[in-house]
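What the coordinates show
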Amino acid sequence: KSYSAAFGEILTWTLIWAFFATFTNYFLGMLVAMMINKKGIKLKSLWRTLFVITIAVPQFVSLLLMNQMLATNGAINVLLSDISRLFGGGVVEINFLGKSELLARTTVVIINCWVGIPYTILSMSGILMNIPADLYESARIDGASPFKTFTAITLPYMIFVTTPQLITQFVGNINNFNVIYLLTQ
């Protein structure tokens, strides 16, 4: 391969990685934050605490642990093999981080969600608490559905407030070498 072709492939993957690493964390973090902050949810402080605890574990420790769990003889494949044997199947060996580029890249994005969503949940929870309740009450009185309320009130407000965070996260993910390296070497 020529240097320009290799550079093009690496640049393309880097931009795809940054996009998915940013927006999966953003939207899934928003979804979980909305679920935790919903009225009637019990043990809100417990749920928030569980997500904060995941932030306390250094990222490289979590990533190296996931690397070992996703190995061909790791805990995930052992569990899948045990489940397969229960239903009359054989040993399952999925090479999550190896041969298939698509599977390895998808796995890296999913693991990045596990590592990154707690940060998003914390920031989104604070923002959700600051959206005026009058807006939601007015929407309910006007007969807006939950989806319409989300698309007309919550999402625009969240995007307006978090645009600088999204830009910073995207640029940070372009430079986020450690997640990919620590998982796949």
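A few points on the structure.

Rules behind the numbers
- Position labels on residues start from 1 in each chain and follow its written sequence.
- The predicted nature of this model means local features are confined to residues of pLDDT at least 70 and side-chain atom pairs, given and counted, to a pLDDT of 80 or more, with totals for whole chains, interfaces and linings taken over all residues.
- To get the side-chain values, all heavy atoms of the structure are used, and hydrogens and water are removed first.
- In this description, a line fitted to the C-alpha atoms serves as the axis of each element, helices being fitted only across the stretch in contact, and the angle between N-to-C directions of two axes falls anywhere from 0 to 180 degrees.
- Helix and strand definitions here come from DSSP, where helices need a minimum of 4 consecutive H or I residues and strands a minimum of 2 consecutive E residues; each element is numbered from the N-terminal end.
- Put simply, a crossing is left-handed when the front helix is turned counterclockwise from the back one by less than a right angle, and right-handed when it is turned clockwise.
- In what follows, residue pairs with any heavy atoms lying within 4.5 Å of each other are defined as contacts.
- Here is the rule for angles: anything less than 35 degrees is roughly parallel, anything more than 145 is roughly antiparallel, 65 through 115 is roughly perpendicular, and the remaining ranges are oblique.
- Only Asp, Glu, Lys and Arg are considered charged in this grouping, and only Ala, Val, Leu, Ile, Met, Phe, Trp, Tyr, Cys and Pro are considered nonpolar; every other residue, Gly among them, is considered polar.
- What counts as a salt bridge is simple: a side-chain nitrogen of Lys or Arg found within 4 Å of a carboxyl oxygen of Asp or Glu.
- Only protein chains enter the accessibility calculation, which uses a 1.4 Å probe. A residue is then buried if its area is under 20% of the maximum for its type, exposed if over 50%, and partly exposed in between.
- In summary, the pairing rule links any two rings of Phe, Tyr or Trp, Trp by its six-membered ring, whose centres are within 6.5 Å, and it sorts them by plane angle into stacked for under 30 degrees, edge-to-face for over 60 and tilted for everything else.

A word on the packing of helix H3 (residues 59-69) against helix H5 (residues 101-129)
- In the contact formed by H3 and H5, the axes pass within 11 Å of each other and the chain directions differ by 145 degrees. Between H3 and H5 lies a crossing of right-handed hand. Of the residues in H5, those in contact with Gln59, Ser62, Leu63 and Met66 of H3 are Ile111, Trp114 and Val115.

A word on the packing of helix H2 (residues 44-56) against H5
- Two numbers describe how H2 lies on H5: the axes approach to 8 Å, and their chain directions differ by 140 degrees. Considering their axes alone, H2 and H5 lie oblique with respect to each other. Note on packing geometry: the crossing formed by H2 with H5 is left-handed. In contact with Arg48, Phe51, Val52, Thr54 and Ile55 of H2, H5 contributes Pro118, Tyr119, Ile121, Leu122, Ser125 and Met129.
- Classifying every residue of the contact of H2 with H5 gives 8 nonpolar, 2 polar and 1 charged.

Some details on the pattern of salt bridges
- On inspection of all chains with the given rule, the structure shows 2 salt bridges.
- With a closest N to O distance of 2.9 Å, Asp82 and Arg85 form a salt bridge. Taken as a pair, Asp82 and Arg85 lie in helix H4 (residues 75-86) at a separation of 3 residues, close to a single helical turn.
- When its relative accessible area of 39% is taken as the criterion, Asp82 is described as partly exposed.
- Residue class for Arg85 comes out partly exposed when judged on its relative accessible area of 45%.
- Where Glu101 meets Arg105, a salt bridge forms, and the shortest distance between an N and an O atom there is 3.4 Å. Taken together, the positions of Glu101 and Arg105, both in helix H5 and 4 residues apart, correspond to about one turn of that helix.

Here we look at the packing of aromatic side chains
- One pass over the full model with this rule turns up 5 aromatic pairs.
- Taking 5.3 Å as the distance between ring centres and 85 degrees as the angle between the ring planes, the aromatic pair formed by Phe19 and Phe20 counts as edge-to-face.
- With a relative accessible area of 40%, Phe20 lands in the partly exposed category.
- Centroid distance Phe23 to Phe27: 6.3 Å. Interplanar angle 25 degrees. Geometry classified as stacked. With Phe23 and Phe27 both in helix H1 (residues 3-37), this residue pair falls 4 residues apart, about one helical turn.
- Using a relative accessible area of 27% as the deciding quantity, one classes Phe23 as partly exposed.
- Through a chain of ring-to-ring contacts, three or more aromatic side chains come together here, namely Phe19, Phe20, Phe23, Tyr26 and Phe27.

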